[in-house]
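# Breakdown of the fold
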Amino acid sequence: MVFLRDLSVFWCMIHVIFLFVMLFRSRYTRKKTIVLAVTGMGILMALNFLGLLKFGIEALGRVFLFTCSIPSFVFFYVLSADKKFKFLFTFCLADTVCMWVMAVTNLVDFYLGGEQYILLFITRLLAFPILEYCAYRFLRKPYFELQDAVEKGWGIFAGMTMLYYILLFLVVNYPVNITSRPEDVFLCILVLILMVFNYATIFFAFYQQLLVYRKLQSERLLQEQNYSLEIQLENQQRIRKMKHDMKAHTATLSGLLSAGKTEEALNYVQQVNSEMDTFSGQFCTNPYINAVLVHYFQKFQELGIGLKMNVQIGEEALPHMELCQILSNGLENICDALETLPKEKRKASLQIKYSRDYLIIRMKNSCPEDLYVEKGTLPATSKPDADHGFGLFTVKEAAERLDGDMKCYTEKGNFVLDVMIRVKYL
């Protein structure tokens, strides 16, 4: 029956990896990650299984931290998209939870199964698939959302989790397995119970942060919707004003034509057409995106900012909510940045075009020479108001909702904001 015990240990090793991969975000593609994980961890598990057969469970348990935990930590850290404390917390969480299941099933088998290892094998065979189902069904999605939403505070929780992992490892395995130390069983049970309350506290704190994040996200979305409606209303009011002014333009044209001044009348018509183009259809034929562009074109003119636009989109259906969020936040950031510069240095450009499988949006504006932003980082806001600082973050969120990405950086005295969105999601 010892074979059942050894087989259950190997089963646990496999499912530790399964549980971790459910909460793990790789820096590589899914296919490449699977190939690397299966190859690397397959070799590591095979070596540990050979060690189990040769030296026994007691000896392997005392060095398991060095033969499996540390090597797998280094291996997955290289693959991980999340670094430092986020990765440490995820790794220790998966290992500690699986070690907790192994310790509980070991004690249950010792006191109820008579050390025949049949109960041990059956409980582990069932416990890990149930654990993974619960993790995938209830934890995985909010956990990824939480990692995107919360940047600070991971160090404290990662430290707590790592200490519990070490504590549980020592209580269960040193100096010998807990089943050989009946005097320490009560202490081990207390540690196991305390760990449940510890993780409940951690996830409750994380859940509260997630609720705050979702509330802020909802508020920002409502603000963007309200802002978009305000822009459309403002443009409608301008168009009404233009229609009202047409009476005066008609009277002027009638007077010029009656006086035989056809050349002057033609020049006047061209001026009126130029003014009307500012309010409708000059930049693109998509009414939602054009409303944003018209609004900011007027705002840039009022601020004395030279804005160059190259918009190469037509009447095709586009996810206007996200694209309007991207454009309005990006152009608003340009306005805020250029207001601090002398008028002669206020330059900006906007380019929207298709490139193979992507819609590319590039916004560029002049910036102070001492400003440096590394590609892939988000610059901190200089505004003290708590309502500010969400612009670039909102742009990134909107791009990711369309399976795209956003990068910003400084280059040759300019701040550049690049957004790429896959065409198939448009």
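Here's what I pulled together on the structure shown here. The structure presented is a predicted model; accordingly, all values stated were derived computationally and were not measured.

A few words on the packing of helix H4 (residues 84-112) against helix H5 (residues 118-149). Two numbers describe how H4 lies on H5: the axes approach to 10 Å, and their chain directions differ by 155 degrees. Here H4 lies roughly antiparallel to H5, going by the angle between them. Seen along the crossing, H4 lies across H5 with a hand that is right-handed. Contacts between H4 and H5 involve Lys86, Phe89, Thr90, Val97, Cys98, Val101, Met102, Thr105, Asn106, Val108, Asp109 and Leu112 from the first element and Ile118, Leu119, Leu120, Thr123, Arg124, Ala127, Phe128, Leu131, Tyr143 and Gln147 from the second. Across the contact of H4 with H5, the residue classes break down as 14 nonpolar, 5 polar and 3 charged.

Turning our eyes to something else, we now look at the side chain of Lys86. Along the chain, the position of Lys86 falls in helix H4. For Lys86, a relative accessible area of 12% gives the class buried. Engagement of the side chain of Lys86 in a polar contact is seen with the backbone oxygen of Gln147, the distance being 2.5 Å. With sequence-adjacent residues up to four places away left out, Lys86 is seen in contact with Tyr143, Gln147, Val150, Glu151 and Trp154.

Below, the discussion takes up the packing of helix H9 (residues 287-302) against helix H10 (residues 320-338). Between H9 and H10, whose axes approach to 9 Å, the crossing angle comes to 10 degrees. Between H9 and H10, the interaxial angle falls into the category roughly parallel. Contacts between H9 and H10 involve Tyr288, Ile289, Val292, Leu293, Tyr296, Lys299 and Phe300 from the first element and His320, Leu323, Cys324, Leu327, Ser328, Leu331, Glu332, Ile334 and Cys335 from the second. Considering only residue class, the contact of H9 with H10 consists of 12 nonpolar, 2 polar and 2 charged.

Moving on to the pairing of strand S5 (residues 414-422). Side-chain direction in a regular strand flips from residue to residue, so the side chains alternate between the two faces of the sheet. Summarising the sheet, strand S3 (residues 358-366) and S5 pair through 9 bridges and their orientation is antiparallel. Paired with Arg362 across the bridge in S5 is Asp418. Here 7 bridges tie strand S4 (residues 405-411) to S5, and the two strands are oriented antiparallel to one another. Within S5, the position partnered with Met406 by the bridge is Val419.

Procedures and definitions
Residues numbered from 1 in each chain as written. Predicted model: local features only at pLDDT ≥ 70, side-chain atom pairs only at ≥ 80, totals over all residues. Heavy atoms only, no water. Axes fitted to C-alpha atoms, helices over the stretch in contact; angles between N-to-C directions. Helix = DSSP H or I, 4+ residues; strand = E, 2+ residues; numbered from the N terminus. Parallel < 35°, antiparallel > 145°, perpendicular 65-115°, else oblique. Left-handed = near helix turned anticlockwise from the far one by under 90°. Contact = heavy atoms within 4.5 Å. Nonpolar A, V, L, I, M, F, W, Y, C, P; charged D, E, K, R; others polar. Buried < 20%, exposed > 50% of the residue type's maximum accessible area, 1.4 Å probe, protein only. Polar contact = N/O pair within 3.5 Å; in protein donor to acceptor, adjacent residues only side chain to side chain. Pairing = 2+ DSSP bridges.

These results come straight from atomic positions and should not be treated as a statement about function.
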